[in-house]
Amino acid sequence: MSQNTLYDKIWEDHFVVEREDGSTLIYIDRHLVHEVTSPQAFDGLRQSNLTPRQVNTIIATPDHNVPTTERSKDLEGIKDPISKLQVVTLNDNCDEFGINQFKLNDERQGIVHVIGPEQGITLPGMTIVCGDSHTSTHGAFGSLAMGIGTSEVEHVLATQCLVSQKQKNMLIEISGKLQKGVTAKDITMFIIGKIGTAGGTGHVIEYSGDAIENLSMEGRMTLCNMAIEAGARAGMVAPDDKTFEYVSDKPFAPKGKDLEEAINYWKTLKSDPKASFDKIHSFNAEEILPQVTWGTSPEMVADIDDSVPVVKEDNKTLISALNYMGLKPGTKIKDIEIDQIFIGSCTNSRIEDLRAASRILDGNKISKNIKRAIVVPGSGLVKKQAESEGLDEIFKSAGFEWRDAGCSMCLGMNPDQLKEFERCASTSNRNFEGRQGFKGRTHLVSPIMAAAASLEGKFMDVREL
Amino acid sequence: MKNSNLYSGEFACLEKANVDTDQIIPKQFLKSISKTGLGPYLFDAWRFLDEGFLGKKPSDRKINPDFVLNKPSYLGINVLIADDNFGCGSSREHAVWALKDFGINVVVAPSFGDIFFNNCFKNGVLAIKISQDKINEIFSQQNQNSQKQIEIDLINQKIKIPNIKLIDFEIDDFRKNCLLEGLDDIGFSLKYETEISNYENKLKQLRPWILNE
Ligand code: SF4
């Protein structure tokens, strides 16, 4: 019998036809839509007199532009008229085409990559696309989830298919036990530090090994979320009992006999023992320490007890990164002082992230050096759950602001931004120049590392707490 | 969009690895609901010293004289020679719309972010991968003698730059045809209506939870 990887199997199950030009159409099971990358796609549909082929497979929500305060004012809370127009345009497009949308004032609104899994829209074995690179997040369920451009959004709306080419298979094994204080975020950053931001280009990554199996579903989402930062278009973890249990009671998940049938199918979704991978990387979980980025690309990352590298004079990329970050070569990571803390984003804004950060903060106060610390839950429902557990009170008494759901300072399309030269410990996924605000400086960390940094005013080793 | 086979013009070099799409077009310009008009904001935070926003006039901006695309000799370029992993990061197609609106219709690099690479071809922008060695050679030629003439022959897959040995490049047939013929991608896929419907019928049997409700 032929031996296939998880990716091979999902690819095969979604293969529709090979087009005359040699490219392949694969069928798309779920399509997530947000306000930023969709307006031009809907315009295109209208221009060609087309409508979405399977409107029930689409779910939309505004997340990138939305303010995280004054949610009760609904659209009126969006001060920037251009942002508002984009959110209104999404409303109009969804209404016109009959697309299910969690609108701004719906408690289910949130970051697309948080609400998909939360609602059971994301299920194992599916192909999932969204006009957003972090669609890779959904691979945590053993689905093939890919970020696409706006032209492709239009194509999927019109045909329910994506023009694709089969990628190569990459396996990343993490075996052994993680140290206390080391999280899924550290694993994923550690991997990027090792293989580089182009390391996964042209591949779909499957993560395996006992350290991965032992991660919660939230942890697996954090892991796969940053597969895109490793250059891969998709990352995935084979579904197991933990996955089935997680999805079973979700609103959009199949019920009764359908669910049983689905689970039987999902159980077949793992790489065969002798399946071959084009590339394999193996790492030992014990070697992973809490990670902190120091540069302007996610691969510019160091262990907490390490220093900013001393770079060679002819390395233009590294020199410009250090200049931008305002760091001297050789600076100890623990000596870097921070102005702002951001806990949120599709990487780390789920309930488990908020619980973990709040445990560090419980009964403590943030450092006087911190100008602002904010927590932005990934969805209205995460927010509600956290409040029912009293986490909001812990954050607030520590000195954090407790906000409404959205992408927020992950990319600062809304008012939540860094000022020039401000330095932020952020649980998001990209430390690109200007990402969190014009000339702002981003250091990526896990939620507990961000919480610990808020107490110290600089980075500290969360293992010592 | 039909492209001609031969591209000729002038190139500039952007000697920096991992240029992400946030740099190509910063987030504040993603608020646009149109595909055009983004050229003035291409590489905004590098081309200008002040913070830009949609609608801000170029004449009101503080230009960064050190950025390559602002140097007088590179003002009219239509080809960009870039470094490894160009266009990584965010899926924003606005990055390609901005390049195109600016007048750049060819980008050459050792490798590209996957989504950006796809987005280029969907918009008639030619993205070419050549080896890092070749890229370095072009960089150093330009640094030494300000060479900026370039000719690209898409059908024969060759890049011609004076003083550099003719460079061959690889490109998928379907991407090449897509540029040469200017195919309507959606129209082309819709020709496979029967196959898509057959797949859907099969899907309803095999995995009823996908299309139900
Ligand atoms: S939270 Fe950040 S990375 Fe995630 S979808 Fe929003 S902007 Fe993109």
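Structure shown above.
Throughout what follows, the structure given in this document is the object of discussion. (Residues numbered from 1 in each chain as written. Chains lettered and ligands numbered in written order. Predicted model: local features only at pLDDT ≥ 70, side-chain atom pairs only at ≥ 80, totals over all residues. Heavy atoms only, no water.)

A word on the overall build of chain A. From N to C terminus, chain A includes 15 helices and 19 strands. Taken over C-alpha atoms, the radius of gyration comes to 21 Å for chain A, in line with the 23 Å a tight globule of 465 residues would show. Taken along its principal axes, the extent of the C-alpha atoms in chain A is 60 × 55 × 50 Å. Relative to its 465 residues, chain A shows a buried fraction of 67%. Taking the contacts inside chain A whose residues are at least 6 apart along the sequence as the reference set, 75% of them involve residues at least 24 apart. (Helix = DSSP H or I, 4+ residues; strand = E, 2+ residues; numbered from the N terminus. Rg over C-alpha atoms; globule rule 2.2 N^0.38 Å. Buried < 20%, exposed > 50% of the residue type's maximum accessible area, 1.4 Å probe, protein only. Contact = heavy atoms within 4.5 Å.)

This part is about the overall build of chain B. Secondary structure summary: chain B contains nine helices and seven strands in total. Along the first, second and third principal axes, the C-alpha atoms of chain B reach 65 × 40 × 25 Å. Out of the 213 residues in chain B, the part that is buried amounts to 60%. Long-range contacts, defined here as pairs at least 24 residues apart, represent 62% of the contacts in chain B between residues at least 6 apart. Total accessible area on chain B stands at roughly 8800 Å², and carbon and sulfur atoms take up 49% of it. Mean positive and mean negative side-chain charge positions of chain B (26 and 29 charges, respectively) differ by 3 Å. (Areas by Shrake-Rupley, 256 points an atom, 1.4 Å probe, with all protein chains shown as cover. Lys, Arg positive; Asp, Glu negative; His and termini not counted. Charge placed at Lys NZ, Arg CZ, Asp CG, Glu CD.)

Right, let's talk about the pattern of salt bridges for a bit. Under the counting rule described, the total for this entry stands at 42 salt bridges over all chains. The partner of R53 of chain A in a salt bridge is E200 of chain B, and the shortest N-O contact between them spans 3.0 Å. Taken together, the residues span two chains, with R53 of chain A in the loop between α2 (39-47) and β4 (58-60) and E200 of chain B in helix α8 (residues 193-206). Of the residues examined, E200 of chain B reaches a relative accessible area of 6% and is grouped as buried. If you follow the salt bridges from partner to partner, you end up with R19 and D21 of chain A together with K122 and D185 of chain B in one network. (Salt bridge = Lys/Arg side-chain N within 4 Å of Asp/Glu carboxyl O.)

Rolled over the atoms, a probe with the dimensions of a water molecule shows which regions are left empty. Summed over all chains, the structure comprises five cavities of 30 Å³ or more. Looking at the largest cavity, its volume works out to about 210 Å³. Of the residues contributing to the lining of the largest cavity, the split by class is eight nonpolar, 10 polar and four charged. In this model, the second largest cavity occupies a volume close to 140 Å³. G434 of chain A together with P26, K27, Q28 and A45 of chain B are the residues nearest the centre of the second largest cavity, which is lined by 15 residues in total. Elements that contribute at least two residues to the lining of the second largest cavity include exactly α1 (21-24) and α2 (44-47) of chain B. When the residues that make up the lining of the second largest cavity are grouped by side-chain class, the tally is three nonpolar, four polar and eight charged. (1 Å grid on protein atoms, 1.4 Å probe; cavity = no way out; pocket = protein on both sides within 12 Å on 5 of 7 lines; lining within 4 Å. Points joined across faces, edges and corners; volume = space filled by probe spheres on them. Nonpolar A, V, L, I, M, F, W, Y, C, P; charged D, E, K, R; others polar.)

The next thing to look at is the pairing of strand β15 (residues 340-343) of chain A. All names here are of chain A. Neither face of β15 is open: one carries Q340 and F342, the other I341 and I343, and all of them are buried. Where β15 lies against strand β16 (residues 372-375), four bridges are found, and the strand directions are parallel. From the neighbouring strand, I343 faces β16, where its bridge partner is V375. (Pairing = 2+ DSSP bridges.)

Attention shifts here to helix α3 (residues 94-102) of chain B. Residues H94, A95, V96, W97, A98 and L99 of chain B constitute the buried set of α3 of chain B. As for α3 of chain B, its buried residues are in contact with α2 and α5 (150-159) of chain A together with α1, β2 (79-82), β3 (106-109) and α4 (114-122) of chain B. Once α3 of chain B finishes, G103 of chain B follows within two positions and takes phi at roughly 110°, a positive value.

So, about the environment of S388 of chain A. Mapped onto the elements of the fold, S388 of chain A is located in helix α13 (residues 380-388). A polar contact of 2.7 Å, which involves the side chain of S388 of chain A, links it to the backbone oxygen of Q385 of chain A. (Polar contact = N/O pair within 3.5 Å; in protein donor to acceptor, adjacent residues only side chain to side chain.)

Residue and element names in this part refer to chain A. Spatially, the four strands line up as an open sheet ordered β11-β10-β9-β12, and their pairing is parallel. Two strands lie at the open edges of the sheet, namely β11 (234-236) and β12 (279-284), each paired on one side alone. Between one strand axis and the next, the sheet turns through 20° on average, direction left out of account. Sheet topology places strand β10 (residues 203-208) next to β11; three bridges connect them, and they run parallel. Within β11, the position partnered with V204 by the bridge is A234. Helix α1 (residues 6-14) contacts β9 (168-175), β10 and β11 of the sheet and is inclined by roughly 115° relative to β11. (Axes fitted to C-alpha atoms, helices over the stretch in contact; angles between N-to-C directions.)

Glancing now at the interface of chain A and chain B. Taken together, the contact pairs 82 residues of chain A with 60 residues of chain B. The largest per-residue losses of area from chain A upon contact with chain B belong to Q40, R53 and F438 of chain A, which jointly make up 11% of the total buried on that side. One salt bridge connects E15 of chain B with K316 of chain A, and the closest N-O pair in it is separated by 3.3 Å. Taken together, the connections running from chain A to chain B amount to 39 residue pairs in polar contact (both at pLDDT 80 or more). Tallying contributions element by element places α5 of chain A first for the side of chain A that touches chain B, with seven residues. Grouping the constituent residues of the side of chain A that touches chain B by class yields 26 nonpolar, 34 polar and 22 charged. (Buried area = accessible area lost by both parts, 1.4 Å probe.)

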